[in-house]
Each structure stands twice: as C-alpha cells, then as structure tokens.
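# Structural overview
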Amino acid sequence: MSNFTDFFPAASGGGGGAIPKYEEFTSSGTFTPSQALIDAGGRVAYFIVGGGEKGQTYDGRKIGGAGGQVKMGYATLTSTTGCTVTIGAGGSSTSGEDGGASSVAFSSAGGTDITANGGSGEARPSNGSNYGGWQYTNNSLYHAASASPGILGYGGGGAGYENSSIYSPGVYTGLANTGQGSAYNRSAGSGFVRITWFE
Amino acid sequence: MARYGIIKNNIITNVIEANAEFIKGYSEKTVLLPDNVGLGFSYINEEFIYIEPIKTEEEIQIEAIEWRNNGLVSTDFIAQTPDYPNRDAWITYRQELRDWPSTADFPETKPTKPE
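Residues numbered from 1 in each chain as written. Chains lettered and ligands numbered in written order. Predicted model: local features only at pLDDT ≥ 70, side-chain atom pairs only at ≥ 80, totals over all residues. Heavy atoms only, no water.

Let's shift gears to the overall build of chain B. Helices and strands together make up the secondary structure of chain B, namely four helices and five strands. Taken from N to C terminus, the helices and strands of chain B fall in the order β-β-α-β-β-β-α-α-α. Its C-alpha atoms give chain B a radius of gyration of 24 Å, clearly above 13 Å, the size a compact globule of 115 residues would have. Expressed along its principal axes, the backbone C-alpha trace of chain B runs to roughly 70 × 30 × 20 Å. Per-residue burial over chain B gives 37% buried out of 115 residues. In chain B, the proportion of contacts linking residues at least 24 apart, taken out of those at least 6 apart, comes to 44%. Carbon and sulfur atoms make up 50% of the accessible area of chain B, which totals about 7,300 Å². Charge-centre separation for chain B: the mean point of 11 positive side chains lies 3 Å from the mean point of 20 negative side chains. (Helix = DSSP H or I, 4+ residues; strand = E, 2+ residues; numbered from the N terminus. Rg over C-alpha atoms; globule rule 2.2 N^0.38 Å. Buried < 20%, exposed > 50% of the residue type's maximum accessible area, 1.4 Å probe, protein only. Contact = heavy atoms within 4.5 Å. Areas by Shrake-Rupley, 256 points an atom, 1.4 Å probe, with all protein chains shown as cover. Lys, Arg positive; Asp, Glu negative; His and termini not counted. Charge placed at Lys NZ, Arg CZ, Asp CG, Glu CD.)

If you want it as structure tokens, here you go:
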C-alpha cells in the first residue's frame, strides 16, 4: 500500500513529518506555484468538484439534480506561472439547470488542464455517477430511490419527491462549495478546488 | 461573489463563481448573470434569451419508454388488488402501455389513464 507522501519527493525524502501546504478556492482565482514547490519536484495533488445540478420536474414528479463531478489526482508542474482556477456555479436559475464546470489550467505551469464537469442528467445513472433521487435503472423508474451520496461530502445528488412531498434520501438545498445537486425548486451547490503540495 | 457566464458563439457554456477582479483578467468572454439566467441561455445584443433545447428522436423515444415503464410500475398494485375500483379499465390501460411502443401512436400520443 502506498502512502500519500510516496507521491511527493519533497515529503518522502525528508525523513517523514512533513506538513502539506494547500490552497482552497471557493471562487475563481489563480493558483501560483511557488519556486520552492517547483524545486521540490513540482508535484501537486488536486481535488476538483463541479457545481451541482438544480432539481426539476419530469412526468409530474420532482427529480433531484445530479451532483457535480469529483476529480482527484496528481499533476507535475515545471514553472511558477499562475494557473487559472474556475469554480463552477450550482444550478440556480431555470429548473434542471446543469452545474457549471470547475477547472484548473495547470498547463500554464507545464502540467495538464483538469476539468470536473457540473452535475447533469438528473436521475439517470447512465448520464453521470452522481445522480439525484428517483433514479432510473434498466429503463424502470423506482420511486423515491436514494440519490448518490457523493464522496467525502462532495457531489451528492439532490432528493426527489412526489406530490405527497415525501422526499427520497438526498440533498434538499446544495451547500455552497460542495457540488451537491438539489431538490426541485432549490439551488444546488457551487464547486470547489483544493490543491495540496509539499515544499 | 457573483455568477458569471462564459460565452462562446453567443451561448452561455459555463457558469462560474467569481469576483470582478478575477473577471477583469480572465481570457474568455464573460457576462454578469442575473439570478434567473444560467447555462444554455443565448446572449445576443446584451439580451438573454432562453431556447428550450431540441430533443433528438432517440431522446424522445427513451423518455417515452421511461414514461411507459413508470406507468406500469406505478399501477402494478392495481393488478394485484382484485376489488380495486374500475380495475378492468386499468388492466386494459396497462396492456395499452405494453403495446404502445409497437403502435403508430408511439411516441407522440400516450395511452390515456382511466377515470
């Protein structure tokens, strides 16, 4: 089994005890790698969440919006040029509005751009992993099905409900910067980016 | 904090959370969005226009099948309830749902529920 620090030369070569640095983005901005990070190998870990989708109606029922895509991984940077970070907005206007995409333009600093798409496709698992309530499976609609729980509290799907107002398990109103989808007529959560590194 | 739309070919293709300072230095065309405007709107001559996306024939058929399946699932209990009011009409309706995809009415004209 690998340890987190195995992926970071600066941390694994220092005899342990290294404390990671990180920068979080709840709004669009710029990530600027430090010279110390580049000198230490330029390795960063990213955690990127797209905005959630707003719930909508379908066939007289209320279907939860899909959560935003969650992406985790590593990038290697070679320069201190600033990288544009965009934070996708949660769906909040029209019924069923998709979430916005969040991204980091690592290519500005010698890496590869990463994008986490916004939630889309509401209750259909085939359209995305972080689906909302009332999902379809094998072309059958199962009432009050649980929405996707997401991962680590991010990217969960919105709750669905019928006219009886009995909600299926899922998110009602998406929390800011979680990428959570929402129930019908409620706002979904915006996206989020965290970049972690050792230097 | 505000919502900005990223515009490509007069369409809002992404919506991001940002402040005015970030937008000033951003490389793509953006516009500050009112609350009721979001992804998929057109932005032409400083006016927002929403046009319902046109569904493909395949999407229409998939949605119709989903509607049909949902109709069968939601009335399944009636078939299991011998004394359900107007049960024979519901049984006929369920058969119409099963037959519907192979009829000329599919997918435009849906079978009608009994009273």
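What follows is about a nonpolar patch on the surface. Among the surface-exposed residues, F4, F7 and Y74 of chain A lie close enough to one another that they form a single nonpolar patch of about 250 Å² accessible area. Mapped onto the fold, F4 of chain A is located in the segment before α1 (9–12). (Patch = residues over 30% accessible without salt bridge, like charges linked within 9 Å, V, L, I, M, F, W, Y side chains within 5 Å. Salt bridge = Lys/Arg side-chain N within 4 Å of Asp/Glu carboxyl O.)

Many authors give the size of an interface as the accessible area that is lost as the parts come together. Contact residues are listed per partner, giving 24 residues for chain B and 29 residues for chain A. The largest contributions to the chain B side of the interface with chain A come from E17, E66 and N70 of chain B, which together make up 29% of the buried area. Here E97 of chain A makes a salt bridge to R3 of chain B, at a shortest N to O gap of 3.9 Å. The tally of links between chain B and chain A comes to eight residue pairs in polar contact (both at pLDDT 80 or more). The set of elements that each furnish at least two residues to the side of chain B that touches chain A consists of β2 (11–18) and α2 (57–74) of chain B. When residues in the side of chain B that touches chain A are grouped by element, the largest group, eight residues, is from α2 of chain B. Residues of the side of chain B that touches chain A, tallied by class, amount to 12 nonpolar, seven polar and five charged. (Buried area = accessible area lost by both parts, 1.4 Å probe. Polar contact = N/O pair within 3.5 Å; in protein donor to acceptor, adjacent residues only side chain to side chain. Nonpolar A, V, L, I, M, F, W, Y, C, P; charged D, E, K, R; others polar.)

Residue and element names in this part refer to chain B. Scanning the model with the defined rule gives four salt bridges over all chains in all. Note that E28 is salt-bridged to K8, the shortest N-O span being 3.4 Å. Taken together, the positions of E28 in the loop between α1 (20–24) and β3 (30–32) and K8 in strand β1 (residues 2–8) put the pair 20 residues apart, joining distant regions of the chain. Owing to a relative accessible area of 44%, K8 belongs among the partly exposed residues under this scheme.

On to the packing of aromatic side chains, then. Residue and element names in this part refer to chain B. Tallied over the full model, the rule gives 13 aromatic pairs over all chains. Measuring from ring centre to ring centre gives 4.8 Å for F41 and Y50, while their planes differ by 45°; the resulting arrangement is tilted. Relative accessible area serves as the criterion here: at 6%, F41 is assigned to the buried category. We classify Y50 as partly exposed; its relative accessible area is 34%. When the centroid spacing of 5.6 Å and the interplanar angle of 85° are considered together, the rings of F77 and Y84 count as edge-to-face. For F77, a relative accessible area of 44% corresponds to the partly exposed category. Residue classification places Y84 among the partly exposed positions, given a relative accessible area of 26%. Aromatic ring contacts, followed pair by pair, group F77, Y84, W90 and Y93 into a single cluster. (Phe/Tyr/Trp six-rings, centres within 6.5 Å; stacked < 30°, edge-to-face > 60°.)

Attention now goes to the domain arrangement of chain B. Each domain of chain B was delimited in the assignment, giving domain 1 (2–49) and domain 2 (57–102). Put simply, the middle of domain 1 of chain B and the middle of domain 2 of chain B, counted by C-alpha atoms, are 43 Å apart. (Domains from an automatic or database assignment.)

Another aspect to go through is the environment of P169 of chain A. All names here are of chain A. Tracing the backbone shows P169 in the loop between β11 (140–141) and β12 (192–197). Judged by relative accessible area, which is 48%, P169 ranks as partly exposed. Through-space distance from the C-alpha of P169 to that of P149 is 8.9 Å; in sequence the pair is 20 residues apart.

All names here are of chain A. Formed by 20 residues in total, the largest nonpolar core has its most connected members in F31, V44, V104, F106, V193 and I195. Contributing elements (two or more residues each) for this core: α2 (35–39), β3 (43–49), β7 (83–88), β9 (114–116) and β12. When near neighbours in sequence (up to four residues on either side) are disregarded, F31 contacts E23, F25, L37, L77, T81, G82, C83, V85, F106, I195 and W197. (Core = buried A, V, L, I, M, F, W, Y, C linked by side-chain atoms within 4.5 Å.)

Whenever strands of a sheet pair, they do so through backbone hydrogen bonds, lying parallel or antiparallel. Residue and element names in this part refer to chain A. One open sheet holds the four strands; their spatial order is β1-β12-β3-β6, and the pairing between them is antiparallel. Pairing within the sheet leaves two strands with one partner each, and these edge strands are β1 (21–25) and β6 (70–76). Looking at each pair of strands side by side, their axes are set apart by 15° on average, direction ignored. Pairing of β3 with β6 involves seven bridges; the strand directions are antiparallel. When the sheet's bridge partners are listed, R43 is paired in β6 with T76. (Pairing = 2+ DSSP bridges. Axes fitted to C-alpha atoms, helices over the stretch in contact; angles between N-to-C directions.)

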